[in-house]
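Structural characterization, general
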Protein chains: 2
Amino acid sequence: MSKRLHVNLFEMNCVSHIVHGMWVHPDNQRHRFNDLDYWTELARLLEYGTFDGLFLADVIGAYDSFGQGPRAALEEAMQIPSNDPLLLIPAMAQVTRHLGFGATFSTTYEPPFAFARRMSTLDHLTRGRVGWNIVTSYLPNAARNFGLPGEVPHDHRYEIADEFMDVLYKLWEGSWDDDAVIRDRDRKIYTDPDKVRAINHEGAFFKVAGPHLCQPSPQRTPVLFQASGSPAGLEFAARHAEVVFTGGLTAQDVRRNIASTRARVRALGRDPQAIKFLVQAGVIVGRNDEAVASKLDAYRQLMSVRGALVHAQSEIDLLAWPPETPISTVTAGRGQGRAGGIGRGVLAGFDPQLTVGQVLRQLESFDRDRYFVAGTPSVVADTIERWLDEDDIDGINLRQYMSFETARDFIELVVPELRRRGRFRESYQEGETLRERLFGAGQARLPAEHYGARYRDPANLAIPGQPLRFDPPVSRAVPVG
Amino acid sequence: MSKRLHVNLFEMNCVSHIVHGMWVHPDNQRHRFNDLDYWTELARLLEYGTFDGLFLADVIGAYDSFGQGPRAALEEAMQIPSNDPLLLIPAMAQVTRHLGFGATFSTTYEPPFAFARRMSTLDHLTRGRVGWNIVTSYLPNAARNFGLPGEVPHDHRYEIADEFMDVLYKLWEGSWDDDAVIRDRDRKIYTDPDKVRAINHEGAFFKVAGPHLCQPSPQRTPVLFQASGSPAGLEFAARHAEVVFTGGLTAQDVRRNIASTRARVRALGRDPQAIKFLVQAGVIVGRNDEAVASKLDAYRQLMSVRGALVHAQSEIDLLAWPPETPISTVTAGRGQGRAGGIGRGVLAGFDPQLTVGQVLRQLESFDRDRYFVAGTPSVVADTIERWLDEDDIDGINLRQYMSFETARDFIELVVPELRRRGRFRESYQEGETLRERLFGAGQARLPAEHYGARYRDPANLAIPGQPLRFDPPVSRAVPVG
């Protein structure tokens, strides 16, 4: 059977997430992000289209490298204002039965105990439909919102993240046995205390006693998503991730990235096929070429290059330079940080011999990347089939140009064509949890060879010389009778 | 017009919240706390009954003073397992239009920036129907879940809490002007950056840069609830709280507590009537005396004294002592901490001359407290009128014995009787936000004389010598053209 596409809608609890300038379109619904109805309508639409899930990005600071602090970000609504992502999930879960939810949360600034409880709560409330995109956060303003003087160095963030994961696995996988809750009404025992244990974690960054406050949820550990990039990030993804975001300019790039991640995964004793690879993709589809061209043109006219520069944390306002200036002149003498001050993200990878005008034109276009297609349903489906077969990817996070137009177009035009070709599910049938949707029925839990599964063995929770069970915190008087 | 009753249902995202042992009753729904449906059914019921709100208690650790660590708490399901409270609110908001939601959150362990954003998100999603019960947490296990060796000393917790509040007010009231979001589609400006500012808070416990990530929500600051007790707690409540939980054994006690809080409030320049006083109340109602007696008897038989001892953090298992032993013998030589090791909360205030048996019998009964009534609708309504008129209280947090029986009984039997007497609203009509429900239409925001309102003036945000607006984090190259 040909490989089927996994697809999430890529979202964020804000106005301008990833394609900037679009909020001014009169049909765009994004300014409704503060309203529950926006999210419940969207969730119902995606479940109608049998999407795998809705995936929520997040940042916990403002983009303030471009211009005078966050002024440009505010004008562009570039990820500010933005609200908490986790709080959307219960309302969307309430109006759906199958749709999965991925949420982004950083391991750098908040305590693991509270986060473990929030995710277990969501896994209960969604009946196992939740995933977590593990990030370590790079915005300097985020660090300054949490008491730090500036960005935590990259590799140090990954050391913190590794220990954060240990704490979570101990709470999620180790603190309660599957059969701890017995709900014995006759004996009046809700939980068998011999099947619950403290974790007594003591590491370089965290001290966490436990026990976990939540009883076992359907997936225990939520599905773990991560983007690999740097060597430290790749190592982290190979150990922890079940779904990896990847990318590249050519099929060869992407295959190479995937192969190298799979090799690291194999070296760590995991099944290299136990990881799915997703790319962020842009799809503009119309019933005929004229409809496609007119949509593409309308979007291009709204596209804000300034928003893209703000997003890239560019310290240089390229719009203020004469278009014929070589990029190498703009960056001369600015050192190596963040691509010489131009920024990272969308600006990474530009040839320094290009001119300012050429770079700006490329930023205005939508097609820099391999994972963009504009066309009729059959052209889009041909392209997606090529991505699946030539690049070895498993699915896409669908970039939104317009809410709800992007999702509606995909569901009305692309989904039926992919179904005809056997490339997309006809209905939800892979099991009830998000992990089963990705890996098949019966796979609701982390696989046994995953790093986190070791904490199911109480021996791996104990600190040598410390008792495994609860230690009475104070001595007690001996009662008489 | 006679004073009308405010009423919230008192809940917690767990099995056994405040009356223990009841979960074994076959009609009790509490074991469904992991399911969204439990909460949405309950929210719909309360809105049908025109309750003010649903109020969620919380703790972030296990009760482990009684016996061998948290073993007894686990067996009794005494607030463990327990899930995150905030995540219930969006789903309940989704199925209601008027009901308010109060959630408990501690100022001691998590960073204020993330909490400010979560509450603003909830205030948006609920359209201004959210309140916050400010607590500082006392469980030693909670401290050990967040990296601390043990409980933070009481007065020190209030110093942290005071600074935590300052950070929140700066973010909620000061960082964005009311009219900052202009959504100007022609000029392509979503937010006017001149109306948004960093807070640059630097205090003894927190450093928070800002700006707040959320645009202004309907109430900005959620309605602030607090329980006063100690002198530090009273001072804190007088400065911050808009609703105070109080109590006492007699009407005189309660009136005295309320009067002393109002005096402190006045001394701080606030309107003493700008605070509402709620008590936790138990109401058991039936259509006739036989129905009341049979319900009372059924509940008493299930009531778990052991659960109450665990809840009280009693270090002594009174059930293991001969019933005729005087309490003074049990506590002899145990020092003064926590009422000599018997515990606090429900056990506080027992006469040391009582015997173990007498104390246990009182624990088994429901009527130690002034705010308990069992009777027919007219008896209950008479009693509630007396509480309102004699004790100077404004309303109750209704203790649940059984879910959903307690709320359903109150709505079917007590609400109509109170309405006949002009003591309870006929419908929601006080305005759209929770603050307006409490203080009247047009009062959606903190009053101008409230401590937190000072941060609406940007001058009170600035640190002397520091610029008020955003400070560019790095120097920039001067562009050519």
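The rules behind the values
- Residues numbered from 1 in each chain as written.
- Chains lettered and ligands numbered in written order.
- Predicted model: local features only at pLDDT ≥ 70, side-chain atom pairs only at ≥ 80, totals over all residues.
- Heavy atoms only, no water.
- Domains from an automatic or database assignment.
- Contact = heavy atoms within 4.5 Å.
- Buried area = accessible area lost by both parts, 1.4 Å probe.
- Salt bridge = Lys/Arg side-chain N within 4 Å of Asp/Glu carboxyl O.
- Helix = DSSP H or I, 4+ residues; strand = E, 2+ residues; numbered from the N terminus.
- Buried < 20%, exposed > 50% of the residue type's maximum accessible area, 1.4 Å probe, protein only.
- Least-squares fit on C-alpha atoms with pLDDT ≥ 70 in both.
- Polar contact = N/O pair within 3.5 Å; in protein donor to acceptor, adjacent residues only side chain to side chain.
- Nonpolar A, V, L, I, M, F, W, Y, C, P; charged D, E, K, R; others polar.
- Pairing = 2+ DSSP bridges.
- Right-handed = clockwise from strand over helix to strand, strands pointing away.
- Axes fitted to C-alpha atoms, helices over the stretch in contact; angles between N-to-C directions.
- Parallel < 35°, antiparallel > 145°, perpendicular 65-115°, else oblique.
- Left-handed = near helix turned anticlockwise from the far one by under 90°.
- UniProt positions renumbered as here; feature names shortened; annotations may be inferred.

Overview of the domain arrangement of chain A
Residues and elements named next belong to chain A. Each domain of chain A was delimited in the assignment, giving domain 1 (6–284 + 372–462) and domain 2 (304–364). A separation of 30 Å is found between the C-alpha centroids of domain 1 and domain 2. Each side of the interface is counted separately: domain 1 has 18 residues, and domain 2 has 14 residues. With both sides pooled, the region where domain 1 packs onto domain 2 buries about 1400 Å², and carbon together with sulfur makes up 54% of that total. Considering only the side of domain 1, the residues that lose the most area to domain 2 are His20, Ser65 and Phe66, jointly responsible for 46% of the buried surface there.

Thoughts on the pattern of salt bridges
Per the stated rule, a full pass over the model turns up 70 salt bridges over all chains. For Asp391(A), the salt bridge goes to Arg370(A), with nearest N and O atoms at 2.5 Å. With Asp391(A) in the loop between helix 14 (377–390) and strand 13 (395–398) and Arg370(A) in the loop between helix 13 (356–364) and strand 12 (372–375), this pair connects stretches of sequence that are 21 residues apart. Accessibility expressed as a relative area gives 0% for Asp391(A), which makes it buried. The class for Arg370(A) is partly exposed, based on a relative accessible area of 21%. Note that Asp409(B) is salt-bridged to Lys295(B), the shortest N-O span being 2.7 Å. In this pair, Asp409(B) is assigned in helix 15 (residues 405–420) and Lys295(B) in helix 9 (residues 289–302), connecting sequence segments 114 residues apart. In this structure Asp409(B) comes out as buried when scored by relative accessible area, which is 13%.

As for the relation of the copies chain A and chain B
The operation linking the two copies of the chain is a rotation about an axis combined with a translation along the axis. In the superposition of chain A on chain B (RMSD 0.0 Å, axial shift 0.0 Å), the rotation amounts to 180°. The superposition of one copy onto the other is thereby described by a two-fold rotation axis. Every residue of chain A has its C-alpha some distance from the rotation axis, and the shortest such distance is that of Ala91(A), at 2.1 Å. The share of interface residues of chain A whose copies in chain B are also at the interface is 98%, consistent with both copies meeting through the same surface.

A word on the interface of chain A and chain B
Between chain A and chain B, the residue contacts involve 98 residues of the former and 96 residues of the latter. For the pair chain A and chain B, the summed buried surface comes to about 8500 Å²; carbon and sulfur atoms form 59% of the total. A per-residue breakdown of the area chain A buries against chain B is headed by Leu87(A), Arg117(A) and Arg185(A), which together make up 8% of the total. At the boundary of chain A and chain B, one finds 10 salt bridges. Between Asp194(A) and Arg71(B) there is a salt bridge, with the nearest N and O atoms lying 3.0 Å from each other. Linking chain A with chain B are 36 residue pairs in polar contact (both at pLDDT 80 or more). With 8 residues, the single largest contributor to the side of chain A that touches chain B is helix 4 (residues 112–125) of chain A. In the side of chain A that touches chain B, the residues fall into 53 nonpolar, 24 polar and 21 charged.

Some remarks on the pairing of strand 1 (residues 6–12) of chain B
Residue and element names in this part refer to chain B. The buried count for strand 1 comes to 7 of 7 residues, which makes it a mostly enclosed element. Burial along strand 1 is two-sided: His6, Asn8, Phe10 and Met12 facing one way and Val7, Leu9 and Glu11 facing the other are all buried. The sheet contact formed by strand 1 and strand 13 (residues 395–398) spans 4 bridges and is parallel. Within strand 13, the position partnered with Asn8 by the bridge is Asn397. Judged from the 5 bridges that link them, strand 1 and strand 2 (residues 53–57) form a sheet pairing that is parallel. What sits directly across from Met12, in strand 2, is Ala57. Handedness of the crossover is the feature at issue here: the chain leaves strand 1, passes through helix 1 (residues 36–48), returns alongside strand 2, and the resulting connection is right-handed.

Quick word on the pairing of strand 11 (residues 276–285) of chain A
For a regular strand, side chains alternate in direction, first toward one face of the sheet and then toward the other. All names here are of chain A. Within strand 11, 9 of the 10 residues are buried, leaving the element largely enclosed by the surrounding structure. Examined bridge by bridge, strand 11 and strand 13 share 4 bridges and lie parallel to one another. In the strand pairing of strand 13, Gln280 is matched with Asn397. Here 4 bridges tie strand 11 to strand 12, and the two strands are oriented parallel to one another. Counted as the bridge partner of Val283 is Val373 from strand 12.

Section: the side chain of Arg399(A)
All names here are of chain A. By the secondary structure assignment, Arg399 is in the loop between strand 13 and helix 15 (405–420). What makes Arg399 buried here is its relative accessible area of 10%. Polar side-chain contacts of Arg399 include one of 3.4 Å to the side chain of Tyr401.

Some points on the packing of helix 1 (residues 36–48) of chain A against helix 15 of chain A
A pair of packed helices can be characterised by two numbers: the angle between their axes and the separation between those axes. Residue and element names in this part refer to chain A. The contact between helix 1 and helix 15 brings their axes to 10 Å, and the two run at 20°. Classified by the interaxial angle, the pair formed by helix 1 and helix 15 is roughly parallel. In the crossing of helix 1 with helix 15, the sense of the turn from one axis to the other is left-handed. Taking contact as the criterion, the partners of Leu45, Leu46 and Tyr48 in helix 1 are, on helix 15, Ala407, Arg408 and Ile411. Here the residues of the contact of helix 1 with helix 15 are counted per class, giving 5 nonpolar, no polar and 1 charged.

A word on the UniProt feature "binding site: FMN" (unreviewed entry) in chain A
Residues and elements named next belong to chain A. Mapped onto this numbering, the UniProt entry gives "binding site: FMN" (unreviewed entry) at Asp58, Thr104, His154, Tyr158 and Ser230. When you line up the elements, His154 lands in helix 6 (residues 154–174). The exposure class of His154 is partly exposed, given its relative accessible area of 31%. Within the fold, Ser230 resides in the loop between strand 9 (223–227) and helix 7 (231–240). Among the residues examined, Ser230 registers a relative accessible area of 23% and is labelled partly exposed.

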